[in-house]
Amino acid sequence: MKLLIAIVQDEDASKLVAELMTNGYRVTKLATTGGFLRAGNTTLLAGVEEVQLDEALAIVEKVCKSRKQLATAPTPATGTSGGVMSSYPVEVTVGGATVFVMDVDRFVKF
């Protein structure tokens with residue numbers, strides 16, 4: 001058995017949970033916060049049999065697509081004193097998924 005730990009953007013989480021559950025996977029959803037852009041994200045835990053691993057990963061890849069988004073990047077304002085910060089829009093790539101696959105030595109369900 002394998003444990004999938006998938007870190008996805010909040011806006012992809014509900015669709016991914018629905019898609020995994022439709023295909024017979026049990027999923028636990030955890031609200032988490034990432035360091036990049038300090039944005040909320042979701043961590044999903046799913047136990048899968050080894051023969052199901054490629055299918056589960058394909059579902060994650062299908063649902064969690066990368067996309068471009070504008071974000072504001074703070075920079076020191078030039079010509080001012082006192083450490084005033086300004087911001088300007090920067091295009092960044094968001095979305096996709098970071099997935100860890102771990103071996104499970106033992107699985108118990110009560």
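Residues numbered from 1 in each chain as written. Predicted model: local features only at pLDDT ≥ 70, side-chain atom pairs only at ≥ 80, totals over all residues. Heavy atoms only, no water.

As for the nonpolar core
In terms of nonpolar packing, the biggest core is built from 17 residues, with Leu4, Val8, Leu16, Tyr25, Val48, Ile59 and Cys64 touching the most fellow members. Here this core takes five residues from helix α2 (residues 53–63), the largest share from any one element. Those residues in contact with Tyr25, other than ones at most four positions away along the chain, are Leu20, Val48, Gln52, Glu55, Ala56 and Ile59. (Core = buried A, V, L, I, M, F, W, Y, C linked by side-chain atoms within 4.5 Å. Buried < 20%, exposed > 50% of the residue type's maximum accessible area, 1.4 Å probe, protein only. Helix = DSSP H or I, 4+ residues; strand = E, 2+ residues; numbered from the N terminus. Contact = heavy atoms within 4.5 Å.)

Looking at the sheet that holds strand β3 (residues 40–48)
Spatial strand order, β2-β3-β1-β6: four strands in an open sheet with antiparallel pairing. If you trace the sheet from one side to the other, it starts and ends with β2 (28–33) and β6 (97–103), each paired once. Ignoring which end each strand starts from, the neighbouring axes of this sheet average 20° apart. Where strand β1 (residues 2–9) meets β3, eight bridges bridge the pair, whose relative direction is antiparallel. (Pairing = 2+ DSSP bridges. Axes fitted to C-alpha atoms, helices over the stretch in contact; angles between N-to-C directions.)

Section: helix α1 (residues 10–22)
Between its terminal C-alpha atoms α1 stretches 19 Å, which fits the 18 Å expected from 13 residues at 1.5 Å a residue. Within the span of α1, buried status applies to Asp12, Ala13, Leu16, Val17 and Leu20. (Expected span 1.5 Å × (residues − 1).)

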